[in-house]
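Architecture at a glance
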Amino acid sequence: MTHEETLAALGRYVDALIAGSTAAAPLWNIEMVRSGKPNRWNYIDGCMITACLSLFNTTADPRYLDFSRRFVDHFVRDGGVIETYDLQEYNLDNVNQGKNLFTLYGLTGDTRYLDAIETIRRQLEAQPRTREGNFWHNKDLQRTGRGERRQGCRPAAGLHRAPGRTSKPVTLARTAN
């Protein structure tokens, strides 16, 4: 399959998903839809919106950017408010969706995205850490100490670079204009 054929097939698949999805009921997050609970700012949706924004970057098809904006705008409000996001949970899963805010701010200049980035940055500044300085995955595991003993619930690896990577870490601090 050529690169163009791969992009076309991927585009058809994503088109089918976004055509039947809203921020309230995303088809790719079937566990959330089946639960009957309202959708929340979450990791899974962050992955899909990252994919849509990547497709926009690759194809320049505005449908992917438009869908991503509508989806994220369902949650992001003025003043850095992210509906259903609770900074005090200190859950790193909720940071994933925040990566899309950088892309959306860069593409649109909408300061709501920049303000929401600041909200997530505040979580990371106060995120509980292990003795070694790595992030705990969430506050509950840090408080109870269960994280190091339960399979699959260890301290988060700490947003580090893999060995051999030469990229510099991203600074989340806001700079003066």
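Residues numbered from 1 in each chain as written. Predicted model: local features only at pLDDT ≥ 70, side-chain atom pairs only at ≥ 80, totals over all residues. Heavy atoms only, no water.

1. Structural notes on the nonpolar core
Among the nonpolar cores identified, the biggest contains 33 residues, and Ile18, Trp41, Val72 and Leu101 are the most heavily contacted of them. For this core, the elements supplying multiple residues, two or more each, are α1 (3–19), α3 (43–59), α4 (62–73), α6 (99–108) and α7 (111–126). Top contributing element to this core by residue count: α3, with six residues. Leave out the neighbours within four places in its chain, and Trp41 touches Val72, Phe75, Val76, Ile82, Glu83, Thr84, Tyr85, Asn94, Gln97, Gly98, Leu101 and Ile120. (Core = buried A, V, L, I, M, F, W, Y, C linked by side-chain atoms within 4.5 Å. Buried < 20%, exposed > 50% of the residue type's maximum accessible area, 1.4 Å probe, protein only. Helix = DSSP H or I, 4+ residues; strand = E, 2+ residues; numbered from the N terminus. Contact = heavy atoms within 4.5 Å.)

2. Remarks on the environment of Val95
Mapping Val95 onto the fold places it in helix α5 (residues 93–96). Val95 sits in the buried class, given a relative accessible area of 15%. On a C-alpha basis, the gap between Val95 and Ile117 in space is 9.5 Å, while along the polypeptide they are 22 residues apart. The contacts of Val95, once residues within four sequence positions are left out, are Ile120, Gln123 and Leu124.

3. Details of unusual backbone geometry
Despite not being glycine, Ala60 shows a phi value in the positive range, around 65°. By secondary structure assignment, the location of Ala60 is in the loop between α3 and α4. We classify Ala60 as exposed; its relative accessible area is 55%. Phi angles above zero are rare outside glycine, and Tyr90 is one such case at about 50°. With respect to the secondary-structure elements, Tyr90 resides in the loop between α4 and α5.

4. Section: the packing of α1 against α3
Direction vectors running N to C along α1 and α3 enclose 135°, while the axes themselves pass 11 Å from each other. Here α1 lies oblique to α3, going by the angle between them. Where α1 crosses over α3, the handedness of that crossing is left-handed. Contact residues: α1 offers Leu7, Leu10, Val14, Leu17 and Ile18, while α3 offers Met48, Cys52, Leu55 and Thr58. The residue makeup of the contact of α1 with α3, split by class, is eight nonpolar, one polar and no charged. (Axes fitted to C-alpha atoms, helices over the stretch in contact; angles between N-to-C directions. Parallel < 35°, antiparallel > 145°, perpendicular 65-115°, else oblique. Left-handed = near helix turned anticlockwise from the far one by under 90°. Nonpolar A, V, L, I, M, F, W, Y, C, P; charged D, E, K, R; others polar.)

5. Re the packing of aromatic side chains
In this structure the tally under the stated criterion is five aromatic pairs. Measuring from centroid to centroid gives 5.6 Å for Trp28 and Phe71, while their planes differ by 40°, and the two rings are tilted. Placement of Trp28 in the loop between α1 and α2 (30–35) and of Phe71 in helix α4 is noted, with a sequence separation of 43 residues between them. As far as burial versus exposure is concerned, Trp28 and Phe71 are alike and both buried. Taking the centre distance of 5.9 Å and the plane angle of 45° together, the rings of Phe67 and Phe71 count as tilted. Here Phe71 and Phe67 lie together in helix α4, a separation of four residues that amounts to about one turn. Using a relative accessible area of 4% as the deciding quantity, one classes Phe67 as buried. An aromatic cluster is defined as three or more aromatic residues linked by ring pairs; in this entry it consists of Trp28, Trp41, Phe67, Phe71 and Phe75. Arg63 extends its terminal NZ or CZ atom over the ring of Tyr64, reaching a point 5.4 Å from the ring centre. (Phe/Tyr/Trp six-rings, centres within 6.5 Å; stacked < 30°, edge-to-face > 60°. Lys NZ or Arg CZ within 6 Å of the ring centre and 35° of its normal.)

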